[in-house]
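Topology and contacts: notes
For reference, the chains in residue letters:
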Amino acid sequence: MPPTAGSSTGSPPGPRFLFDLASPACWLVAERILRTMPVATEWVPVHVPSLREGDGFRCAAEAAIWRASIERRAAELALQPVRWPPEVPFDSALAMRAATYAKGTGRAVAFALAAFRQAWCAGRSLADPDAVAIAGSACELHPRALLAGAQARATREALARASAGVTDVPAVVLAGGETFTGEDAPERAAAALAGAGA
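Residues numbered from 1 in each chain as written. Predicted model: local features only at pLDDT ≥ 70, side-chain atom pairs only at ≥ 80, totals over all residues. Heavy atoms only, no water.

**Focus on the overall build of the protein**
Selection criterion: Helix and strand definitions here come from DSSP, where helices need a minimum of 4 consecutive H or I residues and strands a minimum of 2 consecutive E residues; each element is numbered from the N-terminal end. Put simply, the radius of gyration uses C-alpha atoms, and a globule should come to 2.2 Å times the residue count raised to 0.38. Residue burial is assigned from relative accessible area. The probe radius is 1.4 Å, only protein chains are included, and a residue is buried under 20% of its type maximum, exposed over 50%, and partly exposed in between.
A tally of helices and strands in the protein yields 9 helices and 4 strands. If you list the helices and strands of the protein from N to C, you get β-α-α-β-α-α-α-α-α-α-β-β-α. Relative to a compact globule of 198 residues, whose C-alpha radius of gyration would be 16 Å, the protein shows 16 Å and is just as compact. The buried share of the protein, taken over its 198 residues, is 46%.

Below is the structure:
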C-alpha cells in the first residue's frame, strides 16, 4: 500500500491526527489524544486557509459564545486557562510549515504541543516568527534551523501534500480511511477501534 499523505514511508499504516495550530479545537484534542487513542497515532500538520476557525461570526455576541465554549471545555479538561492571541484566527502558514519541518526531525508532537500552548495559553499569535521560534526551542529545535527549514521548498511541498483533500480539522483518520472530525474525534475514533478489536 502506498504511503498516505503525511505518513512515514516504511511504517505500517495507522491512525493519523490532522491538525492546524490556528485551531483551538485542535489544541483541545492535542492535549488528550495521546492518552485517549489506544494505539500510536501519527500527528500530521495540515494547512487549509479556508478552515478559519473563529472567523465569519455574524455578530460580536456569537463570537463571544464561541470563545466561552472553548474556555469552558479547556476548564473541563483541566488545561491551562485560555489566553486569546490578539488576532483570531491568525495566519498559521509559517507555523504549519515549521510543524512540518519538526515532523521531519521526529519532533512533531513536542513542537505542536509547545506551539499550541504558545497560542492558546500564552496568547501569542503564531504568525509571529518569534512565537514559532520559542515553540521550537522548547523541543530543542534551533530557531534559525527551524525558521530556515520552514521556508524550504521540500517543506512547503510536504505540507501541501498532507493538506490536499482535507476539509475539516481537528480530524482523526483511521487506517481504513474512516474519518472522525470535531473536538470529540479522539473518543469516537477510539470507540471505533475498540469495536473493531484494535
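Okay, back to it.
**Re the pairing of strand E1 (residues 16-19)**
Our working rule: When DSSP finds two or more bridges between a pair of strands, those strands are recorded as paired.
By the alternation rule, side chains of E1 split into Arg16 and Leu18 and Phe17 and Phe19, which are all buried. As defined by bridge partners, E1 adjoins strand E2 (residues 42-45) across 4 bridges and the pair is classed as parallel. Its bridge partner being in E2, arginine 16 is matched across the sheet by glutamate 42. As defined by bridge partners, E1 adjoins strand E3 (residues 171-173) across 3 bridges and the pair is classed as antiparallel. Among the inter-strand pairings, phenylalanine 17 is bridged to a residue of E3, identified as valine 172.

**Re the sheet that holds E1**
Put simply, the test is: As a rule, the C-alpha atoms of each element are fitted with a line to give its axis, helices using only the stretch in contact, and angles between N-to-C directions run from 0 to 180 degrees. The contact rule is simple, with two residues in contact once any of their heavy atoms fall within 4.5 Å.
Ordered in space as E2-E1-E3-E4, the 4 strands form an open sheet in which the pairing is mixed. Of all the strands in the sheet, the pair left with one neighbour each is E2 and strand E4 (179-181). Strand after strand, the sheet turns through a mean of 20° between neighbouring axes, direction not considered. Against the sheet, helix H9 (residues 185-195) touches E3 and E4, its axis set at about 155° to E4.

**Thoughts on the pattern of salt bridges**
Convention followed: The term salt bridge refers to a pairing of a side-chain nitrogen on Lys or Arg with a carboxyl oxygen on Asp or Glu at a separation within 4 Å.
In this structure the tally under the stated criterion is 10 salt bridges. The partner of glutamate 42 in a salt bridge is lysine 103, with the nearest N and O atoms 2.7 Å apart. Highlighted residues: glutamate 42 in strand E2 and lysine 103 in helix H4 (residues 93-104), separated in sequence by 61 residues. Put simply, arginine 73 and glutamate 76 hold a salt bridge, and the shortest N to O gap is 3.2 Å. Pair noted here: arginine 73 and glutamate 76 are both in helix H3 (residues 60-76), with a separation of 3 residues, about one helical turn. According to the relative accessible area criterion, glutamate 76 is exposed, its value standing at 53%. If you follow the salt bridges from partner to partner, you end up with Arg32, Arg73, Glu76, Glu183 and Glu187 in one network.

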